[in-house]
Amino acid sequence: MAKKYRRLRLILGDQLNASHSWFKDKDPETLYLIAELRQETDYVVHHVQKICAFFAAMQQFAQALSSTGLNVLHLDLDDTQAFTGLPHLLTVLFDTHQIEQFAYQLPDEYRLRQQLAEFSAQLTIRSESASTEHFYLTDQELPKYFSAGKQHRMEAFYRKMRKRFAVLIDAEGNPEGGQWNFDANNRNKLKADDLAAVPKPLLLANNVSDILARLERQQIKTIGQAEPNLLWPVNRQQAKQLLDYFCRYCLPNFGTFQDAMTAQLKQRGNNRQWSLYHSRLSFALNSKIISPQLVVDTVLAHYRAQQGQLLNAEPSISIAQVEGFIRQILGWREFVRGIYWLNMPEYASLNALSAQRSLPSWFWNGKTKMNCLRHAIEQSLEYAYAHHIQRLMLTGNFCLLVGIDPDEVDAWYLGIYIDALEWVEMPNTRGMSQFADGGLVGSKAYAASGNYVNKMSDYCGACQYKVAKITGSDACPLNSLYWRFMSVNKEALGNNPRNAMVYANWQKKSAEQQQAILTQAEYCLAQIEQL
Ligand SMILES: Cc1cc2nc3c(=O)[nH]c(=O)nc-3n(C[C@H](O)[C@H](O)[C@H](O)COP(=O)(O)OP(=O)(O)OC[C@H]3O[C@@H](n4cnc5c(N)ncnc54)[C@H](O)[C@@H]3O)c2cc1C
Ligand code: SF4
């Protein structure tokens, strides 16, 4: 006869917060459930490293909880294969263990929050939900900062957050360094001389062979390169190690080269500097292995200690680097979460620019002649990672320019990246990158021609296309596609003063030039699979 428990507490794969108040309670009659589920591996086609990272982290979390004396039931995909989904599994476990009370932490994805709310509503036993205790803002506070269907600006939100949480605020209540935002200092290209200084990323090696075998046994469809020694952090100690490494070696140049892109360091083996000065903390954060507060506090402590010259053997860190990094966590990360929750479920079907094209097949294998896109897609398939500007200004920009259906764009981003969870993926993809929300997240569409790519990267020199050309068989496709995009979407974008110069430049072109560019763009669209 199975053991009787009074209460079952559910822990989802992205709720691995060891500091949660739940775990202070050592009630022997509580059973904690952590389960690998087919409904989670199958709702989109994920990168294989993403599934391995979540499953490995769940396994380690279950072991860590057990070692503190809590009762933990960790079920893997083989154990749960007979269940149709989470409600079915829970119903059977309630029965088996004579559960009288069910508790769960509020899921951060709408899909799961709905599922658990509906499931709980029909239960005859007591049921309650709790906060994940992870974010700076609680769920209840979000409506104080965000309204449904309203345009919000990250900068205004970020200043409120800085003040409220007293981050980089001086004794008079002013921003430290005299400015709220040092973004203008953060737009450098990596020149040849800078490349040698780029630090090697700290790559972990977690053996996930068992998980890979399980995925194969259960015939889970995945994309991307499998890696038996997973390089992502899957427990708190590893996440802290990565955070410490970031503070020491990447933070001093984080802001300066935040937008830079390079293909020259891509040689697996000796030079694996594919993440440049980025932290690669997004998986550890989004699975809640570490908290945003811990990350921000650690970065600040490092900065202060260095100001006091305690760590003066390391490269110096300026306020611009620290502010630039904190803005991502205290600003952007909390901001997109607010946009998501106040606008779901409608947000998931917004398509302001009526984009309807399908993703070209080379998004799944990187086989395109465009060097910039090939590099970003190949890297994403290899590591389940691309940094923000690769996502926004390479793959995202291409989808925007050619008008890919935002549902397809969302599914690609939600599947391929190690950190992709809908609450953060969707506002970034559908909103910031595709402008499908009509400007709820960003004040303008992030559309760019080859000129931007050339300014921020070294991709163009080695490309089959010529970045300086707009028309002709070897012209960079992004150039004519950019002008077509701006021309076709003039009604939606033309009133934005930030686009005034672009439309003025378009008007300066003769009717023949305009026609030649539009014809070239139509040719590119017709040849999209061969670009
Ligand atoms: C189209 C598109 C899709 C994206 N999808 C996701 C996603 O699914 N999951 C995700 O976590 N991020 C997403 N981002 C945001 C950002 O690209 C990633 O957070 C970042 O690249 C993760 O790498 P890192 O940890 O090295 O980040 P760093 O550059 O080191 O930044 C530090 C941290 O700041 C946070 N952050 C930075 N930018 C953003 C942002 N725009 N929104 C929210 N948090 C941010 C992340 O937690 C990140 O770990 C997306 C961006 C775009 C343009
Ligand atoms: S020339 Fe155009 S397609 Fe080629 S790398 Fe440069 S921007 Fe990309």
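The shown structure was predicted, so the numbers you read here are calculated from the model rather than taken from an experiment. Counting of residues starts from 1 at the beginning of each chain's written sequence and follows it residue by residue. Chains carry letters and ligands carry numbers; both start at the beginning, A for chains and 1 for ligands, and go up in the order they are written. pLDDT decides what is reported in this predicted model: residues at 70 or higher carry local features, side-chain atom pairs at 80 or more are listed and counted, and totals for whole chains, interfaces and linings draw on all residues regardless. Hydrogens and water are ignored here; the side-chain numbers use all heavy atoms of the structure.

1. A look at the packing of aromatic side chains
The description of two aromatic rings rests on the distance between their centres and on the angle between their planes. Worth spelling out the cut-off: When the centres of two rings from Phe, Tyr and Trp lie within 6.5 Å, Trp using its six-membered ring, the rings pair. Their planes under 30 degrees apart give stacked, over 60 give edge-to-face, and anything left gives tilted. Only protein chains enter the calculation, and the probe is 1.4 Å; a residue is then buried if its accessible area is under 20% of its type maximum, exposed if over 50%, and partly exposed in between. For helices the rule is a DSSP run of H or I covering at least 4 residues; for strands it is a run of E covering at least 2, with both sets numbered from the N terminus onward. Should the NZ of a Lys or the CZ of an Arg lie within 6 Å of a ring centre and within 35 degrees of the ring normal, that charge is described as sitting over the ring.
Counted by the stated rule, this structure contains 36 aromatic pairs. Considering the side-chain rings of F94 and F102, the 5.4 Å spacing of their centres and the 55° angle between planes classify their relative orientation as tilted. Classification of F102 as buried rests on a relative accessible area of 0%. Ring geometry for W274 and Y383: centres 4.0 Å apart, planes at 10°, overall stacked. Taken together, the residues span a long stretch of sequence, with W274 in the loop between β11 (271-272) and α11 (282-286) and Y383 in helix α14 (residues 371-383) at a distance of 109 residues. For the residue pair W274 and Y383, the accessibility class agrees, reading buried in each case. Through pairs of rings, three or more aromatic residues link up here, namely W362, F363, F398, W412, Y413 and Y417. Above the plane of the ring of Y43 lies R111, whose end atom (NZ or CZ) is 3.6 Å from the centre. Lying across the ring of W341, R113 places its NZ or CZ 3.7 Å from the centre.

2. Description of the site of ligand 2
Put simply, the rule reads: By convention in this text, a residue qualifies as near a molecule or strand provided that one of its non-hydrogen atoms is within 4 Å of it. All amino acids are sorted into three groups, where Ala, Val, Leu, Ile, Met, Phe, Trp, Tyr, Cys and Pro are nonpolar, Asp, Glu, Lys and Arg are charged, and the leftover types, Gly among them, are polar.
Near ligand 2, the surroundings consist of M370, N371, C372, G450, V453, Y459, C460, C463, Y465, V467, C476 and L478. Of all the secondary structure elements, the ones that give two or more residues to the shell around ligand 2 are α14 and α18 (450-456). When grouped by side-chain class, the residues that make up the shell around ligand 2 number 10 nonpolar, 2 polar and no charged.

3. Some thoughts on the site of ligand 1
What counts, and what does not: Whenever a nitrogen or oxygen atom comes within 3.5 Å of another N or O atom, the pair is scored as a polar contact, on the condition that within protein one atom can donate a hydrogen and the other can accept it, and that pairs from neighbouring residues in sequence are kept only if both atoms are in side chains. The method behind every accessible area is Shrake-Rupley, applied with a 1.4 Å probe, and residues are considered shielded solely by the protein chains displayed.
Taken together, 30 residues surround ligand 1, and among them H278, S279, R280, N286 and Y385 come closest. One of the backbone N or O atoms of S282 is found 3.1 Å from an oxygen atom in ligand 1. The contact in question runs from an oxygen atom of ligand 1 to an N or O atom on the side chain of Y385, over 2.7 Å. Across the complex, the protein chains shield 99% of the 820 Å² of accessible surface that ligand 1 would expose by itself. Of all the secondary-structure elements, those providing two or more residues to the shell around ligand 1 are α11, α13 (319-343), α15 (388-402) and α17 (422-433).

4. What about the packing of helix α10 (residues 236-250) against helix α12 (residues 292-307)?
Here is the rule: Axes here refer to lines fitted to C-alpha atoms; in helices the fit is confined to the stretch in contact. Angles between the N-to-C directions go from 0 to 180 degrees. Left-handed is the label given to a crossing in which the near helix is rotated counterclockwise from the far helix by less than a right angle, and right-handed is the label when the rotation is clockwise. Working rule for contacts: check all heavy atoms of both residues, and any pair within 4.5 Å makes them a contact.
For the pair α10 and α12, the least separation of the axes is 10 Å and the interaxial angle reads 35°. Here the hand of the crossing between α10 and α12 comes out right-handed. Residues K240, L243, F246, C247 and R248 of α10 form the contact with α12, whose own contacting residues are L294, V295, T298, V299 and H302. Considering only residue class, the contact of α10 with α12 consists of 6 nonpolar, 2 polar and 2 charged.

5. Observations concerning the pattern of salt bridges
Selection rule: For this document, the term salt bridge refers to a Lys or Arg side-chain nitrogen within 4 Å of an Asp or Glu carboxyl oxygen.
For the coordinates displayed, the defined rule picks out 29 salt bridges. A salt bridge links R7 to D27, with the nearest nitrogen and oxygen atoms 3.4 Å apart. Here R7, found in strand β1 (residues 7-10), pairs with D27, found in the loop between β1 and β2 (30-35); they are 20 residues apart in sequence, far enough to count as distant. In this structure, the salt-bridge partner of R214 is E36, at a minimum N-O distance of 2.6 Å. Of this pair, R214 sits in helix α9 (residues 209-217) while E36 is found in the loop between β2 and α1 (38-42), placing the two residues 178 residues apart along the sequence. Each member of the pair, R214 as well as E36, carries the same accessibility label: buried. Among the charged side chains, a network of salt bridges with common partners joins D14, D108, R113, D139, K288 and R337.

6. Here's the deal with unusual backbone geometry
With omega at 5°, the peptide bond leading from M344 into P345 counts as cis. Within the secondary structure, P345 sits in the loop between α13 and α14. Positive phi values are uncommon outside glycine, yet Q98 reaches one of about 50°. Relative to the helices and strands, Q98 is located in the loop between α4 (86-96) and β5 (101-105). Judged by relative accessible area, Q98 falls into the partly exposed class, the value being 33%.

7. Side note on the sheet that holds strand β6 (residues 126-130)
As a reminder, the rule being used: Here, strands pair whenever DSSP counts at least two bridges between them.
Strands sit in the order β4-β2-β1-β5-β6 across an open sheet of 5 strands; the sheet is parallel. Of all the strands in the sheet, the pair left with one neighbour each is β4 (71-75) and β6. Each strand axis lies, on average, 20° off the axis of its neighbour in the sheet, ignoring direction. The sheet contact formed by β2 and β4 spans 5 bridges and is parallel. Bridge pairing links I34 to H74 in β4. Together, β2 and β4 form the strand contacts of helix α2 (residues 48-67), whose direction differs from that of β4 by roughly 160°. Across the sheet, helix α5 (residues 110-121) lies against β1, β5 and β6, angled at about 165° from β5, the strand it touches most.

8. Notes on the environment of W423
Residue position: W423 is located in helix α17. What makes W423 buried here is its relative accessible area of 0%. Once the C-alpha coordinates of W423 and Q219 are considered, the two residues, 204 residues apart in sequence, prove to be 27 Å apart. If near-sequence neighbours (up to four positions away) are discounted, W423 is found in contact with D108, F135, N286, R333, V336, R337 and Y340.

9. Some thoughts on the nonpolar core
Condition: We define a nonpolar core as any set of buried Ala, Val, Leu, Ile, Met, Phe, Trp, Tyr and Cys residues linked to one another through side-chain atoms lying within 4.5 Å.
The biggest cluster of nonpolar side chains holds 157 residues, and the ones touching the most others in it are I11, L215, F325, I326, F398 and F485. Not counting residues within four places of it along the chain, the set of residues in contact with L215 comprises V48, I51, C52, F55, L77 and I220. Among the nonpolar cores identified, the runner-up in size contains 22 residues, and Y5, L75, L93 and L123 belong to it.

10. Brief notes about the environment of F485
Turning to its location among the elements, F485 is positioned in helix α19 (residues 477-488). Taking relative accessible area as the criterion, F485 reaches 2% and is therefore assigned buried. Each C-alpha atom of the pair F485 and L401 lies 5.4 Å from the other, and the pair is 84 residues apart in sequence. Contact partners of F485, with chain neighbours within four places excluded, come to L353, L400, L401, A445, A447 and L493.

11. What about the packing of α12 against α13?
Counted only if it meets this: For classification purposes, angles smaller than 35 degrees are called roughly parallel, those larger than 145 roughly antiparallel, those between 65 and 115 roughly perpendicular, and all remaining angles oblique.
As a packed pair, α12 and α13 sit with axes 11 Å apart at the nearest point and diverge in direction by 170°. The angle between α12 and α13 falls in the class roughly antiparallel. Contact residues: α12 offers P292, V295, V296, V299, L300 and Y303, while α13 offers I319, V322, F325, I326, I329, R333 and E334.

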